[in-house]
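# Coordinate inspection notes
Each chain is listed here by its residues.
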Amino acid sequence: MKQANTTRSTHVPVIIVGGGQAGLSASYFLQQENIEHLVLEKNTLMHGWKHERWDSFTLVTPNWQCDLPGHPYTGDDPDGFMNHAEVVEYLNAFAEKVKAPVHEGVTVYSVSCDTKGLYSVVTSEGDYTADQIIVCSGGYHIPVIPRMAERLPEEITQIHSAQYKNAAQLPEGGVLVVGAGQSGAQIAEDLHLEGRKVYLATGDSPRVARFYRGKDVVRWLDDMGYYQMSVDHHPLGKNVRSNTNHYVTGRDGGRDIDLRKFATEGMELYGLMTDYQEGELVFQPDLEEHLDTADATYNNINSRIDQWIEQQGIETDEGPSVYKPVWKPESERTRLNLAESGITSVIWSIGYRPNFSWLDASVFNGQGHPQHQRGVTGQPGLYFLGLPWLHTWGSGRFSGVREDAEYLTAKIIAYKKELDEHCVKNAADAKKLTVSA
């Protein structure tokens, strides 16, 4: 960790670390309150959205949920799903509206706080001090690739899901996708639709219907108040923050992702991948359990919608239904010879680890995740914004970050007032001492 240099540091009342939708949302509200601040972005604004998505990427949430500060979706397809180019256009327009005081290409090496509560920020462009810090760098920092990857043959192309763009970037041959969460399932579908032979190592990811009883399931859940539920009132409590996202897609107008259907079309499904031994990939015999659990979640969500419809006396053209499996594994294959399979590439889609090593603050749990109450940490003047389930389901998305940013702005104003009053009191005390002397 780099140390502060000996030259005088530039003081900024509030420093925002990260220039994604969270960082710009914070800047939007700080500007409204005329609070001086600076946004430090390691790459360029909205870097992840622009450079770490695949070509056929679409939002899995409908466009009407896009509600960044002062920038709601105003297009002609509110029930549709923006594709990658449209998302980038939407975010570029947001950045143009906000006009945040941002320094791009600036790496924050360290942030620390002295005994008086003043933050020191060491960066690649020089040193700063600040009274308050908002961390808006997200929670997905280090792509997870297991150590077993080191033992795969050198001729096997290996990438993380963040690097995947399209099927053409991979060599001819079969593709093993490891992980069937939201990204893994969609990437497996993309490769499958491109005619590639896909092997998918599943996990315990849940799934959800795209449409049910005449509406997008997201619309039903919104009507039911699910997206307004805070983490404090969720049945799982703060444990919900570690939940895997449900897999579904907004592609081609939106549809379910049914791994069983893919299996009927030639995709090979396996359980959890655990090892590579003597030329063979090793899997747990839990494929059927994974599929059944995902379907149970799918049916459970639909059942809750049924209950809501009945309670509200809503008339629908479609009645209740239960998903029935279109395919079941005849047996659990736990080993696959890599050479004989024809697999030439592997896409690791098993998530990320957080990396806040640059932040010297006693606010993290054993897994390196920050502990906070709606973004407010136990360390005065230190906040987080844009994390999944920071407060609600939408906190890490375009739908909920606005309310969280506005909430934190109020906290920042209150703390600034406290600091100002403290400074006035100190000045008055110093004046009294001078007079008495």
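Residues numbered from 1 in each chain as written. Predicted model: local features only at pLDDT ≥ 70, side-chain atom pairs only at ≥ 80, totals over all residues. Heavy atoms only, no water.

### A few points about the pairing of strand β7 (residues 119-123)
Extensive coverage of β7 is indicated by the burial of 4 of its 5 residues. Inspection of the sheet shows strand β6 (residues 108-113) paired to β7 by 5 bridges, in the antiparallel sense. Bridging across to β7, V108 finds its partner in T123. Hairpin connection of β7 to strand β8 (residues 126-135): 2 residues between the antiparallel strands. (Buried < 20%, exposed > 50% of the residue type's maximum accessible area, 1.4 Å probe, protein only. Helix = DSSP H or I, 4+ residues; strand = E, 2+ residues; numbered from the N terminus. Pairing = 2+ DSSP bridges.)

### Here we look at the packing of aromatic side chains
For any pair of aromatic rings, geometry is given as the distance between the ring centres together with the angle between the planes. One pass over the structure, following the stated rule, counts 15 aromatic pairs. Ring geometry for Y90 versus F398: centroids 5.8 Å apart, planes at 45°, classification tilted. Here the residue Y90 occupies a position in helix α3 (residues 84-98), and F398 occupies one in the loop between β21 (382-384) and α9 (401-436), the gap between them amounting to 308 residues. Exposure class is identical for Y90 and F398. Each is buried. With a centroid separation of 4.3 Å and an interplanar angle of 45°, the aromatic rings of Y227 and W393 are classed as tilted. Residue Y227 is found in the loop between α5 (217-223) and α6 (259-264), and its partner W393 is found in the loop between β21 and α9; the two are separated by 166 residues along the sequence. A relative accessible area of 10% means that Y227 is categorised as buried. An aromatic cluster is built from W49, W54, F57, Y90 and F398, whose rings are joined through pairwise contacts. The ring centre of Y199 lies 5.4 Å from the NZ or CZ of K197, which sits over that ring. (Phe/Tyr/Trp six-rings, centres within 6.5 Å; stacked < 30°, edge-to-face > 60°. Lys NZ or Arg CZ within 6 Å of the ring centre and 35° of its normal.)

### Description of the confidence of the model for the chain
Averaged over all residues, the pLDDT of the chain equals 94, while 95% of them reach at least 70. Counted against residues more than four places away or in other chains, residues 1-6, with its pLDDT under 50, gives 11 contacts. (pLDDT = per-residue confidence, 0-100. Contact = heavy atoms within 4.5 Å.)

### Examining the side chain of S349
Looking at the secondary structure, you find S349 in the loop between β19 (343-348) and β20 (352-353). Classification of S349 by relative accessible area gives buried; the value is 11%. Side-chain polar atoms of S349 contact the backbone nitrogen of G184, separated by 3.1 Å. (Polar contact = N/O pair within 3.5 Å; in protein donor to acceptor, adjacent residues only side chain to side chain.)

### With respect to the state of the cysteines
Tallying each qualifying case throughout the model produces 0 disulfides. In this model C66 remains outside any disulfide bridge; the closest cysteine sulfur is found in C136, 19 Å from its own. What makes C66 buried here is its relative accessible area of 2%. (Disulfide = S-S within 2.5 Å.)

### Overview of unusual backbone geometry
For K99, which is not glycine, the phi dihedral falls at a positive 50°. If you trace the backbone, K99 turns up in the loop between α3 and β5 (102-104). On the basis of relative accessible area, K99 is assigned to the exposed category, the value being 54%. Phi at R213 is positive, roughly 50°, even though this residue is not glycine. Checked against the element boundaries, R213 lands in the loop between β13 (211-212) and β14 (215-216). Residue classification places R213 among the buried residues on the basis of a relative accessible area of 12%.

### Here's the deal with the nonpolar core
I133, I134, L191 and L385 are the most contacted members of the largest nonpolar core, which has 82 residues in total. It is α3 that provides the largest number of residues to this core, a total of 6 residues. Not counting residues up to four positions away in its chain, the partners in contact with L191 are Y164, A167, L170, V175, V177, R196, V198 and I347. Among the nonpolar cores identified, the runner-up in size contains 20 residues, and Y212, V217, L221 and I305 belong to it. (Core = buried A, V, L, I, M, F, W, Y, C linked by side-chain atoms within 4.5 Å.)

### Details of the pattern of salt bridges
In total, this model carries 21 salt bridges according to the counting rule given. A salt bridge links R210 to D216; its shortest N-O distance comes to 3.1 Å. One salt bridge connects D420 with K416, and the closest N-O pair in it is separated by 3.2 Å. On the criterion of helical spacing, the pair formed by D420 and K416 is a turn pair, its members being 4 residues apart in helix α9. A cluster of three or more residues bridged by salt bridges with shared partners is formed by R207, R260, D292 and D295. (Salt bridge = Lys/Arg side-chain N within 4 Å of Asp/Glu carboxyl O.)

### Points about the packing of helix α1 (residues 21-32) against α3
Look at α1 against α3: their axes get within 10 Å of each other, and the N-to-C directions meet at 25°. As summarised for this structure, α1 and α3 are arranged roughly parallel, according to the angle between their axes. At the point where α1 passes α3, the crossing takes the left-handed sense. Contacts from Q21, L24, S25, S27, Y28 and Q31 in α1 reach F94, A95 and V98 in α3. For the contact of α1 with α3, the per-class residue count stands at 5 nonpolar, 4 polar and no charged. (Axes fitted to C-alpha atoms, helices over the stretch in contact; angles between N-to-C directions. Parallel < 35°, antiparallel > 145°, perpendicular 65-115°, else oblique. Left-handed = near helix turned anticlockwise from the far one by under 90°. Nonpolar A, V, L, I, M, F, W, Y, C, P; charged D, E, K, R; others polar.)

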